[in-house]
Amino acid sequence: PFESVWEEKNIELMTEIEDDVNVISDMQLMSIVWNNILSNAFKFTPENGQVTVSLTSGKKYAVVKISDTGCGIPEGQTELIFDKFYQCDSSRATDGNGLGLALVRRIINLTESIIKVESEEGNGTTFTVKIHKN
């Protein structure tokens, strides 16, 4: 569903996926997580930017990182982005309703996963999701 967006904006999509990683989670719920995070990555990455998706395996968790070279999140607002109806960039309010990341947080809690966000305004954002392994 994002191919037209990254082609239109000429965004480079990089993937680094480790083989044979098995997790314990709800596939349908986690697809909502990935769709929301990727949608935001493509929405906030400017033309000729880059989005990177990586999957690595640790002892207890599979770790998925989705990074972009977008506008980033203002300092002090990284936890607020998970609040219902919160939008950092009010100029883009017509592009969403502010519920996506609140839903992501709820799913992460339901699946007993972990989410962390790191961002620097003007330099992009990285979402890290840790999911229990088999």
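Residues numbered from 1 in each chain as written. Predicted model: local features only at pLDDT ≥ 70, side-chain atom pairs only at ≥ 80, totals over all residues. Heavy atoms only, no water.

## Things to note about the confidence of the model for the protein chain
1) Next: For the protein chain, the average pLDDT comes to 87, and 85% of its residues sit at 70 or higher.
2) Next: Every residue in residues 90–94 scores below 50 in pLDDT, and together they form three contacts with partners more than four places removed in sequence or on other chains. (pLDDT = per-residue confidence, 0-100. Contact = heavy atoms within 4.5 Å.)

## Comments concerning the pairing of strand β2 (residues 50–57)
1) Next: Judged from the six bridges that link them, strand β1 (residues 12–17) and β2 form a sheet pairing that is parallel. Paired with Glu16 across the two strands is Ser54, which belongs to β2.
2) Next: Between the parallel elements β1 and β2, the chain passes through helix α2 (residues 27–44) in a crossover that is left-handed. (Pairing = 2+ DSSP bridges. Helix = DSSP H or I, 4+ residues; strand = E, 2+ residues; numbered from the N terminus. Right-handed = clockwise from strand over helix to strand, strands pointing away.)

## A word on the environment of Thr69
1) Next: By the secondary structure assignment, Thr69 is in the loop between β3 (61–68) and α3 (100–110).
2) Next: The class of Thr69 is partly exposed, set by a relative accessible area of 39%.
3) Next: Each C-alpha atom, one on Thr69 and one on Gly122, is 8.2 Å from the other, the two residues being 53 residues apart in sequence.
4) Next: Residues contacting Thr69, with those up to four places away along its chain left out, are Thr45, Pro46, Gly49, Gln50 and Gly124.
5) Next: A polar atom in the side chain of Thr69 sits 2.8 Å from the backbone nitrogen of Gln50. (Buried < 20%, exposed > 50% of the residue type's maximum accessible area, 1.4 Å probe, protein only. Polar contact = N/O pair within 3.5 Å; in protein donor to acceptor, adjacent residues only side chain to side chain.)

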